[in-house]
Amino acid sequence: MTAEKKGKGSVIALTAALLTACTAYQLNASMVAPALVTIGAELGVGEADVGLVQTMFFTPAALFALFVPRLSDMKGRRLLLTAMLAVLALGSFLAAVAPNLATLLAARTVQGVAGPVLSVSMLMLRTEIEDEKLYATLLGLIAAVSGGLCGLDSIAGGWLASNLGFRAVFWTIGGIAAVAALMAWKFTRESKPSAGRAMDWTGVGFLVASLACLLLALNRAGANDPAIVILGFALAGFVAFRLFVAAEKRVKEPLVAIEHLRRRGTWALLLTTVLTMTGGFAVVNGTALSLAQNTAAGFGLAPHVAALYLLTPFAVAGWIASPLAGRLAPVIGYANMLRTGLAGAAASLALVLFLGISNLQWLVAGLVLMGVTFTGCAILMLNALAISLSPAENPGFLPGINSGAFCLGAGLSFAVIPPVMAAFTSSDPASTAGWSAGVTAGLVIIAAALAVSFLIPGEKKREKI
């Protein structure tokens, strides 16, 4: 059914439902982060322990994102989206009444089930909207919302936590998730492109174990654990992946057919995603903020002022650019738009490196351009290509695995960039060598992502999935 046959009203209702769903998920990151200090104070736990509140959400979110898109192909996308949002609401309400940290962590784990909301929403949009330009524009809008609400969500989370306590944050998230579940059920249609197929739970188990071990290795590296611990988790992840590949060769209906893994459209896209996130994520969310707050070599901004000056313009730029990039992508090609975004991200980091390290205005300008190119263009196109390059008989597999690549790249970013900064940090407190090295490392990795992106084939002819 085309967008024209569906009618403008139904397209608006569908878009509103998917936007609300992605917003409900995103609030678990953006609204909860400013409330972490309040959570620690109200539950009487230290900074290290309260950090688990985020870890216990994002880890299961990454793991469920690996296979739920494929499961939705079989059991129904509307059903799975509604169920994830309902579970998200229940987990939020449990978090709101949690009497201690253990209960709160359990609630956050439950909320993490909603990790595949964005991937499933994008698949549903692909099915329902056949006009390519309209589809790409709405895809950009959904991707923009999934990246935050221009900082307003963080401000709201901080205000609620400061004035009403952290429980108000979770009551709010739970209420929005409940509304999103109702909207998803009422305003979206069911689609089951792989109805009747069997789920490869053996493959799911090995793949989830592999990513879990790799994420643990990165987390332990960030915590400066002994090398033997880090290497142990990394080795376990490699072994689990090898077992996954071996299992897929024997299963009649594998989660991922081996020939699909070997396709250039699969491994080149996944490698580009990992490199893109590794090069940009920690530079924006770590290096730039660290420089802005440093009083000797940086600009001496308070944490909340640094976030307002740097992250809010970055988020707003991405929010504005995503729908525009989506609109333009069908004209020049999704792969070409990805390369344009990566080239722009490299130029943005070069601007930060040569001018922004010593000048706050240029630093802000560089991050605004990163918002346009990195978030508004490159990240959006990586998601779009994951959908477009998936085989028709298994449309959910590449978006799911690509979600894991995003998480792996984000974790790898904080495992690579900070050590590079530390290695080049000078004994002179006024030296900016460490920050320059961190930005340089990010620039080199983004350039590598751009080079690998030329191996990604052009998107396929539009198919109903």
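Computed from a prediction, not measured in an experiment: that's the story for all the values here. (Residues numbered from 1 in each chain as written. Predicted model: local features only at pLDDT ≥ 70, side-chain atom pairs only at ≥ 80, totals over all residues. Heavy atoms only, no water.)

A few words on the overall build of the protein. From N to C terminus, the protein includes 20 helices and 0 strands. Taking 465 residues into account, the globule formula puts the C-alpha radius of gyration at 23 Å, and the protein, at 21 Å, falls close to it. With respect to the principal axes defined by its C-alpha atoms, the protein has extents near 65 × 50 × 50 Å. A separation of at least 24 residues holds for 82% of the contacts in the protein among residues at least 6 apart in sequence. With the model as given, the accessible surface of the protein reaches about 18200 Å², and the carbon-plus-sulfur share is 69%. Taken together, the 29 basic and 20 acidic charged side chains of the protein have centroids lying 8 Å from each other. (Helix = DSSP H or I, 4+ residues; strand = E, 2+ residues; numbered from the N terminus. Rg over C-alpha atoms; globule rule 2.2 N^0.38 Å. Contact = heavy atoms within 4.5 Å. Areas by Shrake-Rupley, 256 points an atom, 1.4 Å probe, with all protein chains shown as cover. Lys, Arg positive; Asp, Glu negative; His and termini not counted. Charge placed at Lys NZ, Arg CZ, Asp CG, Glu CD.)

Our next topic: the packing of aromatic side chains. Taken as a whole, this structure holds 7 aromatic pairs when the rule is applied. Both rings, one in Phe 166 and one in Phe 170, keep their centres 6.2 Å apart while their planes meet at 85°; by these two values the pair is edge-to-face. With Phe 166 and Phe 170 both in helix H11 (residues 166-187) and 4 residues apart, this pair spans about one turn of that helix. Using a relative accessible area of 0% as the deciding quantity, one classes Phe 166 as buried. Seen from their ring centres, Phe 241 and Phe 244 are 5.8 Å apart, and the 40° between their planes marks the pair as tilted. In this pair, Phe 241 and Phe 244 both sit in helix H13 (residues 227-250), 3 residues apart, roughly one turn of the helix. Exposure remark for Phe 241: the relative accessible area of 34% places this residue in the partly exposed category. On the basis of relative accessibility, which here comes to 1%, the residue Phe 244 falls in the buried class. Through a chain of ring-to-ring contacts, the aromatic side chains of Tyr 25, Phe 57 and Phe 58 assemble into a single cluster. (Phe/Tyr/Trp six-rings, centres within 6.5 Å; stacked < 30°, edge-to-face > 60°. Buried < 20%, exposed > 50% of the residue type's maximum accessible area, 1.4 Å probe, protein only.)

As a further point, take the environment of Thr 373. Within the secondary structure, Thr 373 is located in helix H18 (residues 360-388). For the pair Thr 373 and Ala 347, spaced 26 residues apart in the sequence, the C-alpha separation amounts to 9.4 Å. Look past the residues within four positions of Thr 373 in its chain and what remains in contact with it is Gly 341, Gly 344, Ala 345, Ser 348 and Ala 378. At 2.8 Å, the side chain of Thr 373 forms a polar contact with the backbone oxygen of Leu 369. (Polar contact = N/O pair within 3.5 Å; in protein donor to acceptor, adjacent residues only side chain to side chain.)

To continue, consider the confidence of the model for the protein. Looking at the protein as a whole, its pLDDT mean stands at 88, while 95% of the residues score no less than 70. Under a pLDDT of 50 for its full length, residues 1-5 has, in the predicted model, 13 contacts with residues more than four places off or in other chains. (pLDDT = per-residue confidence, 0-100.)

What follows deals with the pattern of salt bridges. Any two side chains of opposite charge can pair if their charged atoms end up close together. Applying the stated criterion across every chain yields a total of 6 salt bridges. Residue Arg 70 pairs with Asp 73 through a salt bridge whose shortest N-O separation is 3.5 Å. Residue Arg 70 and its partner Asp 73 are both found in helix H5 (residues 52-75); the two are separated by 3 residues, about one turn of the helix. The pair formed by Arg 70 and Asp 73 is uniform in burial state, with each residue classed as buried. Salt-bridge contacts for Arg 197 lead to Glu 253; the nearest nitrogen and oxygen are separated by 3.7 Å. With Arg 197 in the loop between H11 and helix H12 (201-222) and Glu 253 in the loop between H13 and helix H14 (258-262), the pair connects residues that are 56 residues apart, well separated along the chain. With a relative accessible area of 24%, Glu 253 lands in the partly exposed category. The structure contains a network of salt bridges with shared partners spanning Arg 70, Asp 73 and Arg 77. (Salt bridge = Lys/Arg side-chain N within 4 Å of Asp/Glu carboxyl O.)

Moving on, we get to the state of the cysteines. Should the sulfur atoms of two cysteines be covalently bonded, the bond is a disulfide. For the structure on display, the rule yields 0 disulfides. Free cysteine Cys 213: the closest other cysteine sulfur is in Cys 407, separated by 15 Å. (Disulfide = S-S within 2.5 Å.)

Of note, Ser 121 is situated in helix H8 (residues 117-128). Overall, the relative accessible area of 0% leaves Ser 121 in the buried class. Apart from the residues within four sequence positions on either side, Ser 121 is in contact with Leu 18, Ala 21, Cys 22 and Leu 81.

For the rest of this paragraph, the subject is the nonpolar core. Grouped together as the largest cluster of nonpolar side chains are 121 residues, with contacts concentrated most on Leu 81, Leu 85, Val 117 and Leu 125. When residues of this core are assigned to their parent elements, the largest contribution, 16 residues, is made by H18. With residues up to four places along the chain from it excluded, the contact list for Leu 81 reads Leu 18, Ala 21, Val 117, Val 120, Ser 121, Met 124 and Ala 184. Grouped together as the second largest cluster of nonpolar side chains are 23 residues, Met 31, Leu 36, Val 53 and Ile 173 included. (Core = buried A, V, L, I, M, F, W, Y, C linked by side-chain atoms within 4.5 Å.)

On to a nonpolar patch on the surface. On the surface, Leu 235, Phe 238, Val 239 and Leu 243 cluster together to form a nonpolar patch covering roughly 380 Å² of accessible area. In this fold, Leu 235 is placed in helix H13. Judged by its relative accessible area of 53%, Leu 235 falls in the exposed class. (Patch = residues over 30% accessible without salt bridge, like charges linked within 9 Å, V, L, I, M, F, W, Y side chains within 5 Å.)

Looking now at the packing of helix H9 (residues 132-146) against helix H16 (residues 303-332). Running from N to C, H9 and H16 point in directions that differ by 155°, and their axes come no closer than 7 Å. By the angle between their directions, the pair H9 and H16 is classed as roughly antiparallel. For the pair H9 and H16, the crossing hand works out as right-handed. Contact with H9, carried on its side by Glu 132, Lys 133, Leu 134, Ala 136, Thr 137, Gly 140, Leu 141, Ala 144 and Val 145, involves Gly 318, Trp 319, Ser 322, Pro 323, Gly 326, Arg 327, Pro 330 and Val 331 of H16 and no other residues of that element. Among the residues making up the contact of H9 with H16, the classes are represented as 9 nonpolar, 5 polar and 3 charged. (Axes fitted to C-alpha atoms, helices over the stretch in contact; angles between N-to-C directions. Parallel < 35°, antiparallel > 145°, perpendicular 65-115°, else oblique. Left-handed = near helix turned anticlockwise from the far one by under 90°. Nonpolar A, V, L, I, M, F, W, Y, C, P; charged D, E, K, R; others polar.)

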